[in-house]
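For reference, the chains in residue letters:
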Amino acid sequence: MSYVRMFMEGSASDRALLGGKGANLAEMTRMGLPVPPGFIVTTDACRHYLHHGEAPDGLRDQVRVAVQVIEAETGRRFGDPVNPLLLSVRSGAPFSMPGMMETVLNLGLNRENVKALAATDEHFAHDAFRRLVQMFGEVVQDIPGRAFAAARAPFLRDAGVDDVAELSAADLEAVGHAYLQVVEQETGEPFPMDPDTQLQAAIEAVFRSWNGHKARTYRALENISDELGTAVNVQTMVFGNLGDRSATGVVFTRDPATGENVPYGDALKGAQGEDVVAGTRNTMHLAELRHEFPEQYDDLLLVLSRLEQRYRDMCDIEFTIEDDRLWILQTRVGKRSARAALRMAVEMVDEGLIDEPTAIRRFTPTQLERLLHPQFDPDATYDVVAKGLGASPGAASGRAVFDADEAERVAADGTPVILVRVETAADDVHGMVAAQGIVTAKGGLVSHAAVVARGIGRPAVCGVAELTIDEEAGTATANGLTIEAGDVISIDGSTGEVALGKVRVVRPEPGAELDRLLQWADQLRSLGVRANADTAEDARRAVAFGAEGIGLCRTEHLFVGARAPMIERFILSQDQAEVDAALQELHDVHVEELTGVLEAMDGKPVTVRLLDPPLHEFLPSVTELRVAEAKGELDDAGLAKLAMAERWHEHNPMLGIRGVRLAALAPDLYRMQAHALAEAVVARIRAGGNPRLQVMIPLVVSTAELAHARDDVAAELRRSFDAAAIEVDVPIGTMLETPRAAVIAGELAAGPADFLSFGTNDLTQMTFGFSRDDVEGPMMEQYVEMGLLEADPFATLDRVGVGALMRMAVDAIRAADALDDIGICGEHGGEPASIAFCHELGLDYVSCSPFRVRTARLAAAHAALAD
């Protein structure tokens, strides 16, 4: 088996075997660009080494033959004492992993040929040798860099310079000798002077670096498989440190920060490649390079143009000028900011470089989320107090406030606040709306705080387990630091960071370029995109972001903050008169708010979910009432309230009397809602509108249960429409949010349901047996880190368990051939990987927070393009 390919034997299409860097070197060689000769050790060899702990048989001989080819091409011999061929060894994974693996330069130098080189350029020769000893020592022999730093420190001090490259030739020679002593002291063996030994050891060191900590961390972050392995690129050395007419640099074909179509980069005279990226020396801008090397600069621009035309993308190029001759050492598709990615994608379509589907592929949903939300300025410095889950993207600063009422009061005079709570509940929503951001010690990505924050567009950091919050005292402590009420703090809801003081924030403005890209995405996607919107304001925002309807309007969210007691009064009513009064209150709010929602969504489907109030969120605390009773503070009305609260008290309210179960015990509740919905529809029709109402009955577990609730709701709608002399068709369906509902989805579709939508928040919770508000944060993070779960199932849909239930349900629904409207309205509806799964299942639409609608539109297009 051949484990080695010369550059001329490969091409850009061989990325999996040759790695990205090697495939690109091969391609540039075939293009006739000035690439120093070399060869590639394939990823096959790396995988063999990682699996067996040793290089494959025959590799050493194949490498030796490849070196002989380079010797013939360059007229130099590897290890020659007079005219030596020197080689570099660099990693090259199939996917770009900049800086994550290892490089060794100047291989082939030893005591003998250093003397020969020194006869021509003494400073260069000794500089090259000390670089080899240090890089080989750190990369191949695992010698800590501080050992070399300590060895050179006296020479820098005596010479009065900061950079080793500023030392004289004699000092550099002495540093090289000191480095050799470090190697022998650290390893017990002398530095290997045999070039073949150096080369083989360097190749194997690059193989090992594939499993280094930083490489594994980077792959986990970028979702790169651990099984790919890395190729190794062995290339003839060219020297940017060979006198005043030499330089090295890195250049991008466009500005990677802004996307502007101008070359962008840095260079250094008298340096080697690692000096540019190390940041230890002040580089010169390309304008200075143009002045110093005008002919080579023009040649470089021509190379940039050819490479961008060839790859049809922004390229990142490493170059060296050796004695006025330009060499191209490598190229790759360059990393870029989200802002730059958007601009480049759109402009390259206009330039004819790429088509619209390619532009969509180039701009990812993750980049869009980064672009749309404020974030900490990457150049800012700040003290991180604690870190939790990035539950709602965006960044904000404000005074720490530990009470929702206080947040509302302080914010009223224009003072920015951050609401800090152990956890939030429905009573806190007014404070959440008033705050610039939210921090909770408990809860996870679908906790109350997270869901509400995403819905109202506030950044949130949840599940900050290391944060100890004393709400009564108004303090929060973590890692020896204390935040007191009124202290300014900052949060980043993307990274989960909580920082002391005000951190500078960057606010991107996508503008017309994003609108154009999303229009292209809309033409490609097959999934509809609707919004989870509860108020007219939410609905208007969703339409502005491109929502095609409302997939979930949660009517219980109409009764938060000051309206929360309305539901409490209904549940705790003592007689029919009180019940009727409470129902009328609820009715009037429904009509007012839902008329506005239907108006904002005129002509688009609006799915209104009937009340699903977990009782613990809307009832008074039994504990607090009992304490008041013990203190003798309750009058007769208070005692009656305590009795009713005890009657309705539940040990597990999320699995208790909520949704359709509450309606079965109090049927007037859903009848009132149906009447109010009908009134809102009639009002919109009479105003000349086109309301398209759908009614969703929550938390059903049986066909009979849905049929019973449906009959009640349909009868009330009919009565209301008949009284108004208006004929309206209102589909009635349910949300599949219990495992049993998913199992009987075919029966529901063939029977009482006009439409079905997956409620994956509860479906995930019940399938796993996880209480989502309790297990997220430290436990879920630890589960993922330990490999017990691949990902947080409340953030990304679990395909194996929850997904199996969904697939079973969809197959049964399609087999029933009765429904054309199957969607998802859980929080997963805005998460890109989950959207891809919904596309695979063949759902008709996803529904998500208004602020994730644009991301969902793009993710749905990505899913369609992946087919």
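Our structure is the block above this text.
Residues numbered from 1 in each chain as written. Predicted model: local features only at pLDDT ≥ 70, side-chain atom pairs only at ≥ 80, totals over all residues. Heavy atoms only, no water.

Peer 1: Sorry if this is basic, but what is going on with the pattern of salt bridges here?
Peer 2: Two side chains that carry opposite charge are able to pair once their charged atoms sit near each other. Across all of its chains, the model carries 39 salt bridges by this definition. Here glutamate 548 and arginine 525 are joined by a salt bridge, their closest N and O atoms 2.9 Å apart. With glutamate 548 in the loop between α20 (536-544) and β27 (550-554) and arginine 525 in the loop between α19 (512-524) and β26 (528-532), this residue pair connects regions lying 23 residues apart in the sequence. Connected through salt bridges with shared partners, the residues Asp522, Arg525, Glu548 and Arg857 form a single ionic network. (Salt bridge = Lys/Arg side-chain N within 4 Å of Asp/Glu carboxyl O. Helix = DSSP H or I, 4+ residues; strand = E, 2+ residues; numbered from the N terminus.)

Peer 1: Can you walk me through the pairing of strand β12 (residues 325-333) in this structure?
Peer 2: Within a regular strand, side chains alternate between the sheet's two faces. Relative to β12, strand β11 (residues 315-322) runs antiparallel, the two being bridged by eight bridges. Residue pairing for β12: isoleucine 317 is matched across the bridge by threonine 331. Connecting the antiparallel pair β11 and β12 is a turn made up of two residues, with aspartate 323 showing a positive phi of about 50°. (Pairing = 2+ DSSP bridges.)

Peer 1: Please clarify how α19 should be interpreted in this entry.
Peer 2: Residues spaced three or four apart along an α-helix face the same direction, because each turn holds 3.6 residues. For α19, with 13 residues, the first-to-last C-alpha span of 19 Å sits near the 18 Å given by 1.5 Å per residue. Here α19 has its buried residues at Leu514, Leu517, Leu518, Trp520 and Ala521. For α19, the angular spread of buried residues about the axis comes to 155°, placing them on one side. Facing away from the buried side of α19 by over 90 degrees, the exposed positions are Ala512 and Gln523. Buried residues belonging to α19 abut α13 (338-350), α14 (356-362), α15 (365-372) and α36 (853-865). (Expected span 1.5 Å × (residues − 1). Buried < 20%, exposed > 50% of the residue type's maximum accessible area, 1.4 Å probe, protein only. Arc of directions from axis to C-beta. Contact = heavy atoms within 4.5 Å.)

Peer 1: For this particular structure, what's the right way to read unusual backbone geometry?
Peer 2: Keep in mind that most residues, glycine aside, have a negative phi and that most peptide bonds are trans. A positive phi angle is found at asparagine 106, which is not glycine, with a value near 70°. Tracing the chain through its elements places asparagine 106 in strand β6 (residues 103-107). The buried category is assigned to asparagine 106, whose relative accessible area is 0%.

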